[in-house]
Each structure stands twice: as structure tokens, then as C-alpha cells.
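# Tertiary structure, described
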Amino acid sequence: MSIPPLCERPAYEALARHYSKMERRHLRELFAEDATRGERFCAEAAGIYLDYSKNRITEETLSLLMQLARESELERRRDMMFAGERINVSENRSVLHVALRMPKGTSLMVDGIDVMAEVHEVLDRMADFAIKIRSGAWTGHTGKPIRNIVNIGIGGSDLGPVMAYEALRHYTDRNLTFRFVSNVDSTDFVEATRDLAAEETLFIVSSKTFGTLETLTNATSARDWVIGQLGDYAVAKHFVAVSTNADRVAEFGIDTANMFGFWDWVGGRYSMDSAIGLSTMVALGLEGFGDLLAGFHAMDEHFRTAPPEKNLPMLMGLLAVWYVNFFGAQSIGVMPYDQYLKRFPAYLQQLTMESNGKHVTVDGAVVDYQTGPVYWGEPGTNGQHSFYQLIHQGTALIPIDLIGFGKSLNPLRDHHDILSSNVFAQAQALAFGKTEQEVRAEGTPDAVVPHRVMQGNRPTNVLLAEKLTPHALGALVALYEHSVFTQGTIWGIDSFDQWGVELGKQLALAIIPELKSATEPELGHDSSTNALIRHYRALKARP
Ligand code: F6P
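Definitions and limits used
Residues numbered from 1 in each chain as written. Predicted model: local features only at pLDDT ≥ 70, side-chain atom pairs only at ≥ 80, totals over all residues. Heavy atoms only, no water. Near = heavy atom within 4 Å. Polar contact = N/O pair within 3.5 Å; in protein donor to acceptor, adjacent residues only side chain to side chain. Areas by Shrake-Rupley, 256 points an atom, 1.4 Å probe, with all protein chains shown as cover. 1 Å grid on protein atoms, 1.4 Å probe; cavity = no way out; pocket = protein on both sides within 12 Å on 5 of 7 lines; lining within 4 Å. Sits in = over half its atoms within 2 Å of the grid points. Nonpolar A, V, L, I, M, F, W, Y, C, P; charged D, E, K, R; others polar. Salt bridge = Lys/Arg side-chain N within 4 Å of Asp/Glu carboxyl O. Helix = DSSP H or I, 4+ residues; strand = E, 2+ residues; numbered from the N terminus. Buried < 20%, exposed > 50% of the residue type's maximum accessible area, 1.4 Å probe, protein only. Pairing = 2+ DSSP bridges. Axes fitted to C-alpha atoms, helices over the stretch in contact; angles between N-to-C directions. Points joined across faces, edges and corners; volume = space filled by probe spheres on them. Core = buried A, V, L, I, M, F, W, Y, C linked by side-chain atoms within 4.5 Å. Domains from an automatic or database assignment. Phe/Tyr/Trp six-rings, centres within 6.5 Å; stacked < 30°, edge-to-face > 60°.

## With respect to the site of the ligand
Taken together, 14 residues surround the ligand, and among them Ser157, Ser207, Lys208, Thr209 and Thr212 come closest. At 2.7 Å from an oxygen atom of the ligand is found a main-chain nitrogen or oxygen belonging to Lys208. The separation between an oxygen atom of the ligand and a polar side-chain atom of Thr212 is 2.5 Å. Here the ligand, which alone exposes 390 Å², has 87% of that area covered by the protein. When atoms are counted within 2 Å of each cavity's grid points, the one that captures over half of the ligand is the largest pocket. Across the shell around the ligand, the residue classes tally to 2 nonpolar, 9 polar and 3 charged.

In C-alpha cells:
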């Protein structure tokens, strides 16, 4: 029996009725009514504690959300993903990033192939390579050990590696320098390499398709840079590739013996723990990378086996649906209170928005409800001194996730307690605000009172882990991956394709020759694009 459209599912209709009561309820009342709320609305898994008590929910909300999950067959679809079924319908592919972190000795048969054997074969080759680089056994063209690793990639072939490197820098080999080049803007490449010597530099060209224009352009400039300093024969020792496309890797001139593969069932934005994580493994070493995978796997197992009402990714995904579809929230903020996680929001933007930015269901029907919200964020406490004002007193409802840790990796005096106090204080201020009476009681002049009133009732999740380790990062990323899956399942969309990015790429390909042309090209675009191209050419031609 097929699942009815979202708005016709009984739980959705019940939630709509329930919302009309809940929109008027304030978190102040909900906490006043139940002294144990803060201890009840919480769950823990894989070392991550989630306090979701400061959400605009009651037991009834939760039970209706759970009913919606059941009516949307969330658990069945999750099991289909874990079994390797082709749930990415528009690309007719399995979705098996969870296999990338399954331990050695397990087996998973997909289309008659044991994918686990392949996964561990690549992991072993990555490990050999990482050991060679870290020990200095891999030498460059002139015989010097490699000291600099530059990952060239974009989207999922960049954001995961750079986020993981920054997040886990504390655990990295500080004798090695890591850089990440993604933007086709040549400034990115030039700045990343300006202080490096080619003879000590190795490029990891990371591209699932090995057809991405930005990456191939940067890789070609990298090859010129190496050849310019070391000569034609240096490429072999200074380039390795990570891709699913061996032919294109060979065509580019990288020996496929130096290629690390992965599979079409790994989406780009779900690939940081595949061979795309090669730079991460070199940076962390085998043990650290193993811990990262173990963290992912621990959260996968939790998602796979925990009952929905205790299941962190399901809870977070369903809460997102609650705000997006009933409160009309258009964005969700993620604020990590850890400087090492400064690229985490950027990473999440691709994960969440490339996955759930869809306007048709898996069957191709145009949806009549909102889907993926904008995810964004910035590390705390910096964001507090910038845009939190709008979250506290603006007119939009923006649910936010605050991520904190019990321990600092760089303890210095009382910094960490000061930092962490802000996690709790922000969640408190957002939830409870400040009433008019409270503002007046402080002796505030009448005219200023309205400006100082804080409505509160602004929802947060607080995520806490002991400290930022590879394991914790893996668990955190998997938590968001599966929350995205949960949301996509409720919305009935394909969270694993990304057709929307193609048109712009095609149009750019038509425009490139028009920008490069030595003679004035004949332009057949709309009048705005034509005028912009002419203007650009004129600017470019100025002496
Ligand atoms: O354009 C979007 C995208 O296809 C992403 O999904 C992907 O992560 C990125 O480009 C890079 O693709 P590739 O790894 O094939 O170079």
C-alpha cells in the first residue's frame, strides 16, 4: 500500500490541529507545569547527549510526530537503506554510506557483491599510503619526503576533508601541512601553494566523477605548477587521485595504481569517510581515522536499532519537520561552541540543503508543503556578538542547535567554563526570554521597555559530548546525516540526488567561450545576460 501524500496522512492532520493549540503555548508554562521536563526530554547515544526539552512540544506532540514517522514508514525506509536497496530513485542507486564505517569482518551483499570486502580493501590501501606519507617513505621526485598535502576537490570532495581536518587539527601530525583548494578562482590555488615547495608537496585530486570543471581546472594548474618546478616526469610522485572513475583519472595522467576508489552508492556529501577522507587519514593516522569511523558506526547502529522515541536522529529530524511544516520556520541554525568546528556549519549546508532542497516527491509529484530549511551557523560565542540579536528578538522563528563539550582540548584558565556557560545561557534566554514585568522591575524607563522585552519561546536543541574527538565528530556527522534522512523520508523526497546543480553548470559551459573569445562573440542569451557578458568583456579589456 502506498503512503498517502504528506498533508493527507492522519498524523499530519492531527499535528495541524495540535499546532493550533501549541502555537499559543509558551516554554515558560511548559517548564512551570512539569519540573522534570529537562530530565525527561533528553536522549543519549554514541557519547552525545541531546537535551530537546526547550522545544515547543509536549508528550502529545512527540507521540503525533512518532505516529507521522510510522505513517511515513521511516523505519522501513531506514532498513531499506541499510540493506542496500536503491532508495535513490532518480539515479537508481543504493545509498550505502553506512557501509563505509562498518567494521572489518562484517559482510553486506549488494547485487551479488560483498561491498564490505571492497570497502576494507580500499581502507587498507589508504592505510598503506598514509603510513608511507607519515613515515617519510613516500618521497617526491627529488627524493625528499612529502611535507605538504594539498587536497583539490569541491563540494563533498572538499567540505568533508577540510571540515574534518579543521575539527580534528588537535590530533593531526603537525609536521605535515594540509591545504584545501576548491574554488576555481585561481586565488584559492595561488594562496594555498605560495609558500610551498613542489618537491615536498603531494596533491590529492578528489572527485567522485573526475569530471568537475573546478577540480579539473585546479588539478591542471597544480600539474603545471609541479612540472614548472620539477619537470615533466614529476607528476607520478606528486599526484594521487580519489575517484569512482578510473578512465578519467588515467586520462588526466595519474597512474591508476595511485588511485583510491569508491562507489556510486556513496553520495558526494556523504563521502568524507570514504577514500575522499584520504587527507583526513594522513593527517590523523590510522588510529584516529579508525576512531572517526567507529563514531560514525556507533551512531548508525543507534539509528538502526533504537526505538524512535529514544532515537537522536529521528527526534532531531522530526523536530525539524515540526518547525518547518507547522511553524513555517525557513531556517535552522547550528552553532558549535568549539572553534575547531568552525567549518562544521559549511559542511552541514551541503549535507542538508543539497539533500533536502527538493520540490518534488520521489514519484515526481510537486509538493504542496515546505521541504528543506536553510541550515547555517557560526561558532559560539562569535555568533552571539553578530547575528544572535535576530534569533532573540527578530520576527522569524529560527530553531537552533547548540553544540558544546565538557572539556576543552586547549584548556586555558577559565576559558572553557566561560564558553560553555554561554551554551546554557543562550538556550535559557531563547526559551524563557524576559517579560515586560521583569524589564520594568529593573527600573527600565517606559519608552525603552518594549525594546528590552524578550519574547522567548524560541526553540533550541543542546548537544553535549565529553570532548571533540574523532569518535565524537563521526557520531555528530552521522547524527545529522540521519536527521536529514528522517526529514527527507517524511517529506517523501529523494535526499540523495542533486539535479538542481546541473543547469548552472551547463549554462556556464556555454558562456566560457564567449568570455574567452578574442573576437566579439555573437550572443544569443536573454538581454540581461548578453549585457552582462558585454560589460564583463569591456572591463576585462581595459588597459
Ligand atoms: O555540483 C554538485 C556536486 O555534484 C556535489 O554533489 C559533489 O559533492 C560535488 O559536485 C563534487 O563532485 P565530484 O566529487 O564529482 O567532483
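This is not the end of the story, as more comes after the structure.
## As for the pattern of salt bridges
Per the stated rule, a full pass over the model turns up 31 salt bridges. Between Arg86 and Asp111 there is a salt bridge, with the nearest N and O atoms lying 2.6 Å from each other. Highlighted residues: Arg86 in the loop between helix H5 (74–82) and strand S3 (109–110) and Asp111 in the loop between S3 and strand S4 (113–114), separated in sequence by 25 residues. Between Arg440 and Glu436 there is a salt bridge; the shortest N-O distance is 3.0 Å. Within this pair, Arg440 and its partner Glu436 are both found in helix H17 (residues 436–441), separated by 4 residues, close to a single helical turn. Overall, the relative accessible area of 38% leaves Arg440 in the partly exposed class.

## Description of the sheet that holds strand S10 (residues 331–336)
Two strands in a sheet stick together by hydrogen bonds in their backbones, pointing the same way (parallel) or opposite ways (antiparallel). Strand order in the open sheet formed by 6 strands is S1-S2-S13-S12-S10-S11, and the pairing between neighbours is mixed. Because the sheet does not close on itself, it has two edges, and the strands there are strand S1 (42–45) and strand S11 (374–376). Across the sheet, the mean angle separating the axes of adjacent strands is 15° when strand polarity is ignored. Relative to strand S12 (residues 400–405), S10 runs parallel, the two sharing 4 bridges. Paired with Gly333 across the strands is Ile400, a residue of S12.

## Some points on the layout of surface pockets
The space that makes up the largest pocket amounts to roughly 1300 Å³. What lines the largest pocket is a set of 44 residues, and nearest its centre among them are Ile154, Thr212, Glu214, Val501 and Lys505. When residues of the lining of the largest pocket are traced back to their parent elements, those giving at least two are helix H9 (213–230), helix H14 (344–356) and helix H20 (502–516). Element by element, the count of residues in the lining of the largest pocket is highest for H20, at 5 residues. Its residues assigned to classes, the lining of the largest pocket shows 15 nonpolar, 18 polar and 11 charged.

## Side note on the nonpolar core
Judged by nonpolar contacts, the single largest core of 128 residues is most densely connected at Trp322, Phe344, Leu473 and Tyr480. It is helix H13 (residues 312–326) that contributes the most residues to this core, 12 residues altogether. For this core, the two domains that each supply at least three residues are domain 1 (6–72 + 306–494) and domain 2 (97–288). In this structure, Val205, Phe210, Ala219 and Leu230 belong to the second largest nonpolar core, which totals 23 residues.

## Considering the packing of aromatic side chains
Under the definition given, this model contains 26 aromatic pairs. On the numbers, 5.7 Å between centres and 50° between planes, the contact of Phe41 with Tyr52 is tilted. On the criterion of sequence distance, the pair formed by Phe41 in the loop between helix H3 (37–40) and S1 and Tyr52 in the loop between strand S2 (48–51) and helix H4 (59–71) is long-range, its members being 11 residues apart. Of the two residues examined, Phe41 and Tyr52, each falls in the buried class. Judged by centre distance (4.9 Å) and plane angle (65°), the ring pair of Trp376 and Phe387 falls under edge-to-face. You can see Trp376 sitting in strand S11 and its partner Phe387 sitting in the loop between S11 and helix H15 (388–393), a full 11 residues away along the chain. An aromatic cluster is defined as three or more aromatic residues linked by ring pairs; in this entry it consists of Tyr12, Tyr19, Trp322, Tyr323, Phe326 and Phe327.

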